[in-house]
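Chain and residue survey
Listed here are the chains, written in short residue letters.
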Amino acid sequence: MKGKKNKGFVISTLDGIERVGNKLPHPVTLFAIFALLVILFSGILSGISVEHPTNEGEILQVNNLMTADGIKYIFTSAVANFTGFAPLGTVLVTMLGIGIAERSGLISAALRALVTSVPNQLITAALVFGGIMSSMAADAGYVVLTPLGAVLFAGLGRHPLAGLAAAFAGVSAGFSANLLLTSLDPLLGGITQEAARVFDPAYADTINYAMNYYFMIVSVFVLTIVGTLITEKVVEPRLGKYEGSYVGSVDAVSAVEKKGLWGALVAFLVTCAAIALLIVPTWGPLRGDEGQIIQSPFFSSLVPIILILFFIPGFVYGRITKSIKNDKDIANQLSDTMATMGAYIVLAFAAGQFIAYFNHTNLGIIMAVSGAEFLDSTGFTGIPLLLTFIVVAGFINLFIGSASAKWAIMAPVFVPMMMGLGYSPELTQLAYRIADSTTNVISPLMPYFAIVIAFAQKYDKKVGIGTLISTMLPYSIAFTIVWVTMLIVWMVFGIDLGPGSTINYP
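Criteria and cut-off values
Think of each chain on its own: its residues are numbered from 1, step by step along the sequence as written. Only residues with pLDDT of at least 70 are given local features in this predicted model, and only at 80 or more are side-chain atom pairs given and counted; all residues enter the totals for whole chains, interfaces and linings. By convention in this description, side-chain values take in all heavy atoms of the structure and omit both hydrogens and water. The term nonpolar core refers to a set of buried residues drawn from Ala, Val, Leu, Ile, Met, Phe, Trp, Tyr and Cys, joined through side-chain atoms within 4.5 Å. Think of it in three bands: residues with accessible area under 20% of the maximum for their type are buried, residues over 50% are exposed, and the middle band is partly exposed, with areas taken using a 1.4 Å probe on protein chains only. The helix count covers DSSP runs of H or I at least four residues long, the strand count covers runs of E at least two residues long, and both are numbered beginning at the N terminus. Working rule for contacts: check all heavy atoms of both residues, and any pair within 4.5 Å makes them a contact. Residues enter patches when they are more than 30% accessible in relative terms and free of salt bridges; like-charged ones are connected within 9 Å and nonpolar ones (Val, Leu, Ile, Met, Phe, Trp, Tyr) within 5 Å. Residue-level accessible areas treat just the shown protein chains as cover; the underlying method is Shrake-Rupley with a 1.4 Å probe. For this analysis, a salt bridge means a side-chain nitrogen from Lys or Arg found within 4 Å of a carboxyl oxygen belonging to Asp or Glu. Each Phe, Tyr or Trp ring, with Trp reduced to its six-membered ring, pairs with another whose centre is within 6.5 Å; inter-plane angles below 30 degrees give stacked pairs, above 60 give edge-to-face pairs, and intermediate values give tilted ones. Only protein atoms enter the 1 Å grid, on which a cavity is a set of points fitting a 1.4 Å probe that cannot get out and a pocket is an open set with protein on both sides within 12 Å along at least 5 of 7 lines, lining residues being those with an atom within 4 Å of a point. Grid points are joined across faces, edges and corners, and a volume is the space filled by probe spheres set on the points. Amino acids are sorted into nonpolar (Ala, Val, Leu, Ile, Met, Phe, Trp, Tyr, Cys and Pro), charged (Asp, Glu, Lys and Arg) and polar (every other residue, Gly among them). Axis lines are fitted through C-alpha atoms, for helices just across the contact stretch, and the angle between N-to-C directions can take any value from 0 to 180 degrees. Here the angle decides the label: under 35 degrees means roughly parallel, over 145 means roughly antiparallel, 65 to 115 means roughly perpendicular, and every other value means oblique. In a left-handed crossing the near helix is turned counterclockwise from the far helix by less than a right angle, and in a right-handed crossing that turn is clockwise. In predicted models, pLDDT denotes the confidence assigned by the predictor to each residue on a 0 to 100 scale.

Counting residues in hydrophobic clusters, the biggest one holds 145 residues, and the most contacted among them are F168, F215, W407 and L487. It is helix α23 (residues 465-493) that provides the largest number of residues to this core, a total of 13 residues. Among all residues touching W407, those that are not within four sequence positions of it are L188, I191, T192, F389, P412, V415, T428, Q429 and Y432.

Right, dumping it as structure tokens:
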């Protein structure tokens, strides 16, 4: 491979990051530690107060959890803090639908159909686009599309690692973008809503999970173009001609799978039409009381709608391909999906306690008000402030791979703080999503990073962390530059980020 002289510095730097990162506790432990620190600081800072940012004349004080009443709250609210953790229900419900679509084979067949049905000159763009769109199936793209990209390029006589990189870039660096709403939208949106409620409960109630939808739709096409150019103009020339012995081939979609895909497509369209009947007509029950769509029950119903839009096509595909023969198969597939969510449920318990303590003590809003006042006094606002926030969030992502875990920590501080400076929670969440996505591909602590290296070693036994990082770094840099530029354009022209979602906090 080319560029070996530069790998020494890259590997040594990444080894240092890996050593530091490996010393961090598990996210569950981190949240437990944070909860204990909130209890401790609520006692230390007891007596500190600030004026409420929206209710003039109201004074907020730190509620001490180290008193008799505080200890009583800790014990009596534990279950409610868990079940009331906003993202918990939305993620589990969404995954029920996605689980059926994935385990019936629909997701895998659809991805293979996408990348095997386009002309060779468009295959790179198809891989990047398919990778970006794969986020609708959570992490399925990592284990399906990434190795498929390598096999596809090898079969076409191109360097397989370039195909792997193109798919990996779309799946991971472009994870937040999609033409559809995914499980990430309610996952992060619920956390954002809870964080905004600390500052302004009335405004928090108006936030919907599609708050970044318009921006992400445009991002899909922009990132597809950028990812294609980086692959063909930077990565592939650097890798040079593939000299390995492996020659791959992509399994074509079988006749039964094609029949299943067509059946799933028809089911998807029929389901969309049925849902549209609930929304489009002025009498639609999912419209608002005055017939409006924005801030209507429709946006409060996105989670069950996503469930239905994945479940029904997945069920139809499974029936046609015989991967679902009866109701027992459905129950087993749903159970298997929920079994994979065990770690998230445990994380939700710890995170729920931390966020509840943070809100109950008023530490969040007091920190936000104090921080906003400090930043406001320095004049450090606007685009420079957002850029700094993106850099910080991207750096944290190198050590903590879970998007929800990081946002659950950062949102209670940064969302109210930015609201205090006049910027909407929707904008703050968008800045976070940019930082969280673009640095995934260069984070050795990202859960799927080791798996991607294993895929790459099938074609080159010498591939290691440095190899993958040096290959993916151009994507990370390019995606960051382009996405931040888009964000600045949105801010300058005041373009809505999603339905009813503005740049500025009113």
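Attention now moves to a nonpolar patch on the surface. There is a patch of nonpolar side chains on the surface, built from I33, L37, L40, F41, I44 and M66 and spanning about 520 Å² of accessible area. With respect to the helices and strands, the residue L37 is situated in helix α2 (residues 27-44). Exposure remark for L37: the relative accessible area of 35% places this residue in the partly exposed category.

Take the packing of aromatic side chains next. What the rule picks out here adds up to 13 aromatic pairs. Arranged with centres 6.5 Å apart and planes meeting at 80°, the rings of F31 and F34 form a pair that is edge-to-face. One end of the pair, F31, and the other, F34, are both in helix α2, three residues apart, so they sit about a helical turn from each other. Seen from their ring centres, F354 and F358 are 5.5 Å apart, and the 35° between their planes marks the pair as tilted. Placement of both F354 and F358 in helix α17 (residues 342-360) is noted, with a separation of four residues, approximately one turn of the helix. We classify F354 as buried; its relative accessible area is 5%. The class for F358 is buried, based on a relative accessible area of 7%. Every member of this aromatic cluster is reached through a ring pair, and the members are F31, F34, F354 and F358.

Looking now at empty space enclosed by the protein. Per the stated rule, a full pass over the model turns up four cavities of 30 Å³ or more. In this structure, the largest cavity spans a volume of roughly 60 Å³. Lining the largest cavity, in full, are L161, L164, A165, A456, V463, T467, L468 and T471. Secondary-structure elements contributing two or more residues to the lining of the largest cavity are α9 (160-173) and α23. Partitioning the lining of the largest cavity into residue classes produces six nonpolar, two polar and no charged. Here the second largest cavity is characterised by a volume of approximately 40 Å³. In terms of lining, the second largest cavity is formed by F31, F85, Y344, L347, A348, A351, S404, A405 and A408.

What follows covers the packing of α9 against α23. Contact geometry of α9 with α23 gives a least axis separation of 10 Å together with a crossing angle of 45°. On the basis of the axis angle, α9 is oblique to α23. The way α9 lies across α23 gives a crossing that is right-handed. Contacts from A162, L164, A165, A166, F168, A169 and A173 of α9 reach α23 at L468, T471, M472, Y475, F479 and W483. Its residues assigned to classes, the contact of α9 with α23 comprises 12 nonpolar, one polar and no charged.

Contact geometry for helix α22 (residues 449-456) and α23: axes closest at 10 Å, N-to-C directions at 95°. When the axis of α22 is compared with that of α23, the two are roughly perpendicular. Across the interface between the two elements, F449, V452 and I453 from α22 touch I465, L468 and I469 from α23. Looking at the contact of α22 with α23, its residues break down into six nonpolar, no polar and no charged.

For the protein, per-residue confidence averages 84 on the pLDDT scale, and 88% of positions sit at 70 or higher. When pLDDT is averaged over each element of the protein, helix α3 (residues 68-76) comes out on top at 95 and helix α1 (residues 7-22) at the bottom at 52. Low pLDDT, under 50, characterises residues 1-7; the stretch is placed with 14 contacts to residues that sit more than four places away or in other chains.

Inspection of the secondary structure puts V484 in helix α23. Note on V484: relative accessible area 12%, which makes it buried. The sequence separation of V484 and I434 amounts to 50 residues, and the corresponding C-alpha distance is 7.6 Å. V484 has contacts with L387 and I390, leaving out every residue within four places of it along the chain.

Within the chain, K322 stands out as a residue other than glycine whose phi angle is a positive 70°. Given the relative accessible area of 54%, K322 is considered exposed. Of note in this structure, N362 is not a glycine but carries a positive phi near 70°. Residue placement: N362 occurs in the loop between α17 and α18 (363-378).

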